[in-house]
Amino acid sequence: KYIIDGIARELHRLIGGIDRQRHPDPTTLNERVTELVESVLRNPDALAWLCRVKLLNYPLYLHATRLAVWGCIVGRQLGLNRFALRHLTMALMMSSIGKSFLPESTLEAYSWANLPDEYPLHLNKTLFYLKSFKFSSNDTLDTVSKYCERLDGSGYPSGLRGNAIPFLARVAGLVESFELLIHPFNLKHAIAPASAVILLNKHKDQLFDGSLVEAFIRAIGIYPTGTLVELNDERIGIVTSQTYEKRLRATVLPLTTSQLQFDTEALPVDLNMLAGKGKAKASEPLFITKGLPANRIPESILLGAHQRLYEQPQGWWQKMKRQLNW
């Protein structure tokens, strides 16, 4: 939570300074990025979960933070060293600077099938301000300048193809495409992460490097941490952590009863350990039937669940009950 809040504050300060015709120094943001990289290396589930439930008043800043977290998680799967992870993370975060200058209507109209004419202008804006920063590197500029290119030459601004697109730029483009599918600027168009994974897989070796798509899917799984899911007893829950060897047997926090009433008392369920209840047969394991889009549950419910799990003081009895899944 500290890392996410700190990044949001620094992005707010950075973009606010640009709006006031200043030349802000992103050094502090770079320090927050280092903290984010270290956190993901320790536990990729924690920040993935928080990015899906944290309620902020700055949706574009949260978008930038989510990009950075996904980038870290995928970079970790790819075996990138800390220097490359920081480079990728900083580039993804900086990529949102130009988007802050676009009209809300342009952002909300974005989709793969319908790219508004004004939308590509964000890239020139971002590069203009990046070049004016005290903290800047040719590597970061190169990644940001080419992350909107696509393998088949259909991207922008130069229509680059294949290996002409730098490796980290290809990773960044894939990460942003996934994020804007599951968390578009207009949440009415959100799709479930599992559906987004299918779409990315459909376009591998066309829009995206096939080996990167496969590594991305291995890194996040079909149901990434923070994904809303429906269980076979008809409850809706959210994935709070996953075992990387058994991704379909994740730990899920039920958010509703089988009658779709919000459940404020439910505890996390380890699907690898417990048998199903409710409509599922007693002998049948509880399992995920499908993923759901992010707009299926109000963000306030997700935030409440997060606070209940991670932020409220707990006595020894409450902790014991949670450990026992009572």
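Residues numbered from 1 in each chain as written. Predicted model: local features only at pLDDT ≥ 70, side-chain atom pairs only at ≥ 80, totals over all residues. Heavy atoms only, no water.

(A) Representation of the overall build of the protein in the model. Each helix and strand in the protein was counted, giving 13 helices and five strands. Here the protein holds 326 residues, and 53% of them are scored as buried. Put simply, of all contacts in the protein between residues at least 6 apart along the chain, 63% involve residues at least 24 apart. For the protein, the exposed area adds up to about 15,000 Å²; of that, 52% sits on carbon and sulfur atoms. (Helix = DSSP H or I, 4+ residues; strand = E, 2+ residues; numbered from the N terminus. Buried < 20%, exposed > 50% of the residue type's maximum accessible area, 1.4 Å probe, protein only. Contact = heavy atoms within 4.5 Å. Areas by Shrake-Rupley, 256 points an atom, 1.4 Å probe, with all protein chains shown as cover.)

(B) Representation of the packing of helix α4 (residues 59-78) against helix α11 (residues 210-220) within the structure. With their axes 9 Å apart at the nearest point, α4 and α11 run at an angle of 105 degrees to one another. Classified by the angle between their axes, α4 and α11 sit roughly perpendicular to one another. Facing W70, I73, V74, Q77 and L78 of α4, the residues of α11 in contact are L212, A215, F216, R218, A219 and I220. Considering only residue class, the contact of α4 with α11 consists of nine nonpolar, one polar and one charged. (Axes fitted to C-alpha atoms, helices over the stretch in contact; angles between N-to-C directions. Parallel < 35°, antiparallel > 145°, perpendicular 65-115°, else oblique. Nonpolar A, V, L, I, M, F, W, Y, C, P; charged D, E, K, R; others polar.)

(C) Quick peek at the packing of aromatic side chains. As enumerated under the stated definition, the model contains four aromatic pairs in all. Ring plane angle 90 degrees and centroid distance 5.3 Å describe the contact between W70 and F178, whose orientation is recorded as edge-to-face. With W70 in helix α4 and F178 in helix α9 (residues 167-182), the pair connects residues that are 108 residues apart, well separated along the chain. The exposure classification of W70 matches that of F178, with both residues buried. (Phe/Tyr/Trp six-rings, centres within 6.5 Å; stacked < 30°, edge-to-face > 60°.)

(D) Just helix α8 (residues 138-146), in detail. Where α8 is concerned, the buried positions are T140, L141, T143, V144 and S145. Its buried side turned inward, α8 meets α5 (82-94), α7 (121-132) and α9.

(E) Fine view of the nonpolar core. Counting residues in hydrophobic clusters, the biggest one holds 55 residues, and the most contacted among them are V175, F178, L200, F216 and I220. Secondary structure elements with two or more residues in this core: α2 (27-42), α4, α5, α7, α8, α9, α10 (193-202) and α11. At ten residues, α9 tops the list of elements feeding residues into this core. Those residues in contact with V175 that sit more than four places away from it in its chain are L67, W70, G71, V74, L92 and F216. (Core = buried A, V, L, I, M, F, W, Y, C linked by side-chain atoms within 4.5 Å.)

(F) Examining the packing of α9 against α10 more closely. Contact geometry of α9 with α10 gives a least axis separation of 9 Å together with a crossing angle of 140 degrees. Overall, the two elements α9 and α10 adopt an arrangement that is oblique. For the pair α9 and α10, the sense of crossing is right-handed. Mapping the contact onto sequence places L174, S177, F178, L181 and I182 in α9 and P193, A196, V197, L199 and L200 in α10. (Left-handed = near helix turned anticlockwise from the far one by under 90°.)

(G) Quick peek at the confidence of the model for the protein. Of the residues in the protein, 71% have a pLDDT of 70 or more, and the chain-wide mean is 78. Every residue in residues 275-282 is under pLDDT 50, and counting partners more than four places away or in other chains gives 15 contacts. For the stretch residues 313-326, pLDDT sits under 50, and the model shows 17 contacts to residues farther than four places along the chain or on other chains. (pLDDT = per-residue confidence, 0-100.)

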